[in-house]
Amino acid sequence: MSKDIRIKKGLDIKLVGEAKQVTTELPLGSVFAIKPDDFHGVIPKILAKEGTEVKAGEALFYDKSDERILFPSPVSGKVTEIVRGARRKVLEIKITTNGTQDHKDFGKVDVDAMSGEEIKNHLFASGCWPFIKQRPYDVVANPNQAPKAIFVSGYNSAPLAADYDYVLDGKEAELNAALTALTKLTEGKVHVSVGSAKSPLASAKGVELHNVKGPHPVGNVSTQIAQVNPINKGEVVWVVTPQDLVVIGELLLTGKLNITRKVALTGSKMNEPQYVSVVAGAQISDVVKGNLNNDNTRVISGNVLSGLEVSEDGFLGFYDNQVTAIPEGDD
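Residues numbered from 1 in each chain as written. Predicted model: local features only at pLDDT ≥ 70, side-chain atom pairs only at ≥ 80, totals over all residues. Heavy atoms only, no water.

Draft legend 1. Spatial organisation of the packing of aromatic side chains. Tallied over the entire structure, the rule returns 10 aromatic pairs. Geometrically, the ring pair formed by Phe61 and Phe71 is stacked, given 4.7 Å between the ring centres and 10° between the ring planes. Here Phe71 lies in strand E7 (residues 66–72) and Phe61 lies in strand E6 (residues 59–63), a separation of 10 residues in the sequence. An identical accessibility class is assigned to Phe61 and Phe71; each is buried. Ring pairs connect the aromatic residues Phe39, Phe61, Phe71, Phe131, Phe318 and Tyr319, which therefore count as one cluster. Sitting over the face of the ring of Tyr319, Lys133 holds its NZ or CZ atom 3.9 Å from the ring centroid. When the ring centre of Tyr166 is taken as origin, the NZ or CZ atom of Lys262, which lies over that ring, is 4.5 Å away. (Phe/Tyr/Trp six-rings, centres within 6.5 Å; stacked < 30°, edge-to-face > 60°. Helix = DSSP H or I, 4+ residues; strand = E, 2+ residues; numbered from the N terminus. Buried < 20%, exposed > 50% of the residue type's maximum accessible area, 1.4 Å probe, protein only. Lys NZ or Arg CZ within 6 Å of the ring centre and 35° of its normal.)

Written out as structure tokens, the structure is:
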């Protein structure tokens, strides 16, 4: 029996510049970057040195605390620069592409026939494990601690957030393959929340479905966990976002790691708020090309509440599917 999640306390911030449901396919772009800071609590150990040629899906670095957890290159090309900060901390790993995508092949698998351990090993090898996050603390999931449940929030209530019903349209096969895999990683339930019956996630099998209603932060997965299955001391819950489910599902069905996602260009400083299809880690200047009003503008990778300010020569966050441009407000 599903439990509806309704909250009354909260606030929807009404901002101008919601993305129209039109998607523009952008060219691949030339420079991409993966930022270890996007992965909370991870100390990177570099595998791909400067000058290394990599394929899309090939590991760039691994986590010092667990060398099975690999972090993949979203594109094929050459590692041209490893940017370091104070105490030689790795800030960015930059990859320059030649304009084409060459994927490493991890092989198609039959999810239904696999055990939980086999799925786990497949996600390790392919660099998909970082898409599974853990609460508390929003860190990359610890594979050695079993979660009491897994949560997927198919509704985003943040200001100007991407519409998951539109973004996930036509991806039902990938979503179902990924959700089947997740059910084998926990002895508890996989909880999926949706904002409407039209959601591509609403037809998912083998999961517990929840309808959500109310103001922000009802779409935040932490709010849903607190309503459905609160975390007690010593327990952990795993979390996967819907756009990352699609990546995992596509890997299982095709054997290729394809971190291409629909990114919502939003905010009053966008000339035409809309969706663009880009690869994770793309340069912001490529993502907003010709669409940004640059007059005293703040550009944010993510939404206005939890995103990070970026410059145009900065890069899209690994988990982000929204770029917001708003007036700086220092007049």
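The discussion continues.
Draft legend 2. The arrangement of the side chain of Ser277 in detail. Position of Ser277 relative to the elements: it lies in strand E17 (residues 274–279). Discounting residues that sit within four places of it in the chain, Ser277 has contacts with Thr23, Thr24, Glu25, Leu26, Thr260 and Arg261. (Contact = heavy atoms within 4.5 Å.)

Draft legend 3. Seen up close, the pattern of salt bridges. Scanning all chains against the criterion turns up 11 salt bridges. Between Glu81 and Lys94 there is a salt bridge; the shortest N-O distance is 3.7 Å. Of this pair, Glu81 sits in strand E8 (residues 77–84) while Lys94 sits in strand E9 (residues 90–96), placing them 13 residues apart in sequence. When salt bridges that share partners are traced, they join Lys133, Arg135 and Asp138 into one network. (Salt bridge = Lys/Arg side-chain N within 4 Å of Asp/Glu carboxyl O.)

Draft legend 4. Inspection of the side chain of Lys35 at higher detail. In this fold, Lys35 is placed in the loop between strand E3 (31–34) and strand E4 (44–46). Buried Lys35, no salt bridge; nearest opposite-charge side chain is Asp38, N-O distance 4.4 Å. Reaching out from Lys35, the side chain makes a polar contact with the backbone oxygen of Phe315 at a distance of 3.0 Å. Setting aside its immediate chain neighbours within four residues, Lys35 contacts Leu91, Glu92, Phe315, Leu316 and Gly317. (Lys, Arg positive; Asp, Glu negative; His and termini not counted. Polar contact = N/O pair within 3.5 Å; in protein donor to acceptor, adjacent residues only side chain to side chain.)

By themselves, these figures tell us nothing about what the structure is for.
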